[in-house]
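The residues making up each chain are set out below.
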Amino acid sequence: MNSLKRAWLSVIRKPGKNFLLFFIVTLLTTLMAASLAIRIASNNVTAEMQNRIGLQVSIAPERTELAYGMVGQHIPYSELKKVVSYKGVKSYNYGISYPFQAYKAHQQSMVLVEGTQNPDIKHYWPNSKIVEGRTFTEQELTEGAHVMVVSKQMADLHNITVGDNYPLGRRYVMYFDPFEEWFDMEVIGIVDGPEVTRSWLFEGDSFDEYMIYYYSETQRDWDIFPIAIAPNIVIDQQIINTKLNYRLVGINLRQNVDMRIPILEMESFEAVKEMRRLFGKQLPMPFKFNFADDQILAVLGPIGTLNMIAEAVMVFTMIIAVFVCSLIILLYLKERRHEIGIYFALGEKKRNIVLQVVMEVWIVSALAMTLSVFAGTWIAKGFSSELIRLQLLIAEVQKGKDDIVNDNIPTREEVVDAYTVKMSNEYILLFIGLSMLTVTASTIVPIVNILKLKPKEILL
Amino acid sequence: MKLLDIKDVFFTYPDGDSVRTILDHVNVTFEKGNLYAIVGSSGSGKTTFLTLIAGLDTAQEGSITFKGKDIAEIGLWEYRRNHVGMVFQSYNLIPYMTGLENVLVAMGISGKKHMKDSAYELLDSIGIEKNKANRNVRRLSGGEQQRIAIARAMANQPDIIVADEPTGNLDGETEDTIIGLFRKLASEQDKCVIVVTHSEKVAKQANVILRLHATKGTFVIEDNR
């Protein structure tokens, strides 16, 4: 009979004596399991949120400036280009939208021109395709050529064909004297993309050409005009010109520029850090960077706190478990001095005696851990989800969610939904590893103690 | 045939501020096929002597050689595992096991193979039937437990069996049976059986009686062969 068989017999033949160890190990490993489950769930939700927010940096004006309407709302494209030229920027999404008048004759006829820096039309209108003409060239985009791609619906509405020079501009009546400026945009392509419907404002028999409400697949339902796309740089320049011209006649134009917050996808978190260092203070007033890592921290702060608490509980429990289990095993082995003495007298190798003791503790612990892994998960599920919900709510109230200028920032409910405690392989393996490590560590002192025993003193 | 040779063995205990000599340069030889009885008054050092020849302790001076080789060289654990079997007054069986399992433990430790059948045979040879062998040892009588202890001592097929007051807890009839078993082991199986006892009745059944002189720490040998 080898030491493993002896260990097994010792456990099954003395259930009463092993119960105390079983009970204590169950209790402590349940705490460990719950802490671990919370930690893993917290880490998972953090990773998920990081993936979701990505390695993003956005550029937006200071909130205070926005609130008081002191400035224009978008960063000049020329400034943005300095930032996006940094090699750590993987890609960026930026568009300035501005409603220009379409016909000189009709003051209210507007076309929303959206800026792009991307020649791929699908970047703007997913699932769209060019039905006539072409898209932009890189040169047109970077140099700011006066070219545009229009929607098929707009082309039909205004009888536009590829190659037309379509006038856009501004007309403003001041003291009955109209002030106006116009510039020609060459239509280079027609795209079948966003669905254009008639506005609810003008629903009726007469088909209007003024307010048209459109839905694209991305549901950008704030755009209420026929759409065209043009290079960002052109729109930017026209906005500046318009502002300057209006100032000449005493009008401070500061509305109607539809800001697209530039969102930069960075190569890595190192690139984010580097950008913070290089460009953090170089943006023109009142613009500032919103770094994804700041935003992740803002959203996941309560999760991080819970994670820290769970880690502290786990470490503390492990230490307590080592002490308490050591004491129990010590007491248990003290009762079995005779048995140990017999093994010594029979010439059993010390390593086999150690193996037997460790195996006994492992068998009892394995049974306890089977119970704990379920109990711990159950406790973690019930306890931490509610706690997270509460903490996120408190954090939102304290901080104010509007501080975060990024549409991708998850809501409290989304974070809570993403926070799921489950019995994953990672969780089970980690739990088994840590628990086994703890109970094995708790056998060290008792084993050292029994190896000091002298069979002569025990048996004779 | 000379099996165990004790030469100039000297052993002392600390006794308060002084030192008490238990064995003072003892010289004894043990041979196969004999039953030896070690007798002496309480505290004379009988059990101490037994622990030395069983390899549970080491002498401060002198040597104990087994088949011409010092047991320290063999290694005390190895010596106990393969060459000595021990029987105790209080049986010292593992209480949560059956008789069979107690024997199997000893067999396993000494590395014996095909153990179960051999264990049954061994137990049967000392009068423990299969149904009793499969019983928890706490449910057996003292005599039966001591038989199992003897079977366990025999499990590693040792040349030497040492027993410390093996009949101390038994009634007269059982005492005779156990000593009979020891005699049989010595005569029929050519074992060297060394029994420490208080009982003159037991001692008289031995081939050789070693009387330990309490104050001198030496033996007086009565050879009855």
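Caption draft 1: Structural detail: the overall build of chain A. Secondary structure assignment for chain A yields 15 helices and 13 strands. When burial is assessed residue by residue, chain A has 37% of its 460 residues classed as buried. Sequence-distant contacts, at least 24 apart, represent 79% of the contacts inside chain A between residues at least 6 apart.

Caption draft 2: Seen up close, the overall build of chain B. Helix and strand content of chain B: nine helices and 10 strands. Within chain B, contacts between residues separated by at least 24 positions form 68% of all contacts whose residues are at least 6 apart in sequence.

Caption draft 3: Here's a closer look at the nonpolar core. Counting residues in each nonpolar core, the largest one holds 131 residues, and the members touching the most others are Y36(B), V103(B) and V195(B). The element best represented in this core is helix 2 (residues 15-53) of chain A, accounting for 14 residues. Leaving out residues up to four positions away in the same chain, Y36(B) has contacts with F30(B), V193(B), I194(B), V195(B), A206(B), N207(B), V208(B) and L210(B). I188(A), I239(A), I263(A) and M266(A) belong to the second-largest nonpolar core, a separate cluster that totals 49 residues.

Caption draft 4: Quick look at the interface of chain A and chain B. At the interface, 18 residues of chain A touch 21 residues of chain B. Of all elements in the fold, only helix 1 (3-13), helix 10 (337-345) and helix 15 (455-459) of chain A reach the threshold of two or more residues within the side of chain A that touches chain B.

Caption draft 5: Region of the structure containing the sheet that holds strand 4 (residues 61-66) of chain B. All names here are of chain B. A sheet is described by the order of its strands in space; here four strands give the open sequence 2-1-4-5, paired in antiparallel fashion. The sheet terminates laterally at strand 2 (18-31) and strand 5 (69-70), the two strands that pair on one side only. The pairing of strand 1 (residues 2-15) with strand 4 spans five bridges and is classified as antiparallel. Across the sheet, F10 pairs through a bridge with E61, a residue of strand 4. Against the sheet, helix 1 (residues 46-53) engages strand 1, strand 2 and strand 4, with an angle of about 130 degrees to strand 1.

Caption draft 6: Representation of helix 10 of chain A within the structure. All names here are of chain A. Within helix 10, seven of the nine residues are buried, which leaves the element mostly enclosed by the surrounding structure. If you check which residues of helix 10 are buried, you get E339, I340, G341, I342, Y343, F344 and A345. Of the residues trailing helix 10, G347 is marked for its positive phi of about 85 degrees.

Caption draft 7: View of the confidence of the model for chain A. Residues and elements named next belong to chain A. Averaged over all residues, the pLDDT of chain A equals 76, while 72% of them reach at least 70. Scored below 50 in pLDDT, residues 65-72 shows 10 contacts in the model against residues more than four places distant or in partner chains. Taken as a whole, residues 400-406 scores under 50 in pLDDT and shows 12 contacts with residues more than four places along the chain or in a different chain.

Caption draft 8: Structural detail: the packing of helix 4 (residues 99-109) of chain B against helix 5 (residues 115-125) of chain B. Residue and element names in this part refer to chain B. Where helix 4 contacts helix 5, the two axes come as close as 9 Å, and the packing angle between them is 120 degrees. Relative to helix 5, helix 4 is oriented oblique. Classified by chirality, the crossing of helix 5 by helix 4 is right-handed. Of the residues in helix 5, those in contact with G99, L100, V103, L104, M107 and G108 of helix 4 are M115, K116, S118, A119, Y120, L122 and L123. Among the residues making up the contact of helix 4 with helix 5, the classes are represented as nine nonpolar, three polar and one charged.

Caption draft 9: Quick look at the environment of P262(A). Residue and element names in this part refer to chain A. Checked against the element boundaries, P262 lands in the loop between helix 7 (232-248) and strand 12 (263-266). For P262, a count of 24 C-beta atoms within 10 Å gives the class buried. Sequence-distant contacts of P262, defined by excluding residues within four places in its chain, comprise S58, I59, I75, L80, Y92 and Y94.

Caption draft 10: Expanded view of helix 7 (residues 142-154) of chain B. Residue and element names in this part refer to chain B. Helix length check: helix 7 (13 residues) gives 18 Å between terminal C-alpha atoms against 18 Å at 1.5 Å per residue, within 8%. Those residues of helix 7 not exposed but buried are E144, Q145, Q146, R147, I148, A149, I150, A151, R152, A153 and M154. Buried residues in helix 7 make contact with strand 6 (84-87), helix 4, helix 5, helix 6 (130-133), strand 7 (160-164) and helix 8 (172-189).

Caption draft 11: Quick look at the packing of helix 7 of chain B against helix 8 of chain B. All names here are of chain B. Packing of helix 7 against helix 8 leaves a shortest axis separation of 10 Å and a crossing angle of 10 degrees. Relative to helix 8, helix 7 is oriented roughly parallel. Pair helix 7 / helix 8 crosses with right-handed handedness. Across the interface between the two elements, G142, G143, Q146 and I150 from helix 7 touch T174, T177, I178 and L181 from helix 8. In terms of residue class, the contact of helix 7 with helix 8 is built from three nonpolar, five polar and no charged.

Conventions and cut-offs
Residues numbered from 1 in each chain as written. Chains lettered and ligands numbered in written order. Predicted model: local features only at pLDDT ≥ 70, side-chain atom pairs only at ≥ 80, totals over all residues. Helix = DSSP H or I, 4+ residues; strand = E, 2+ residues; numbered from the N terminus. Buried ≥ 20, exposed ≤ 12 C-beta atoms within 10 Å, placed from the backbone. Contact = placed C-beta atoms within 7 Å. Core = buried A, V, L, I, M, F, W, Y, C linked by C-beta atoms within 7 Å. Pairing = 2+ DSSP bridges. Axes fitted to C-alpha atoms, helices over the stretch in contact; angles between N-to-C directions. pLDDT = per-residue confidence, 0-100. Parallel < 35°, antiparallel > 145°, perpendicular 65-115°, else oblique. Left-handed = near helix turned anticlockwise from the far one by under 90°. Nonpolar A, V, L, I, M, F, W, Y, C, P; charged D, E, K, R; others polar. Expected span 1.5 Å × (residues − 1).

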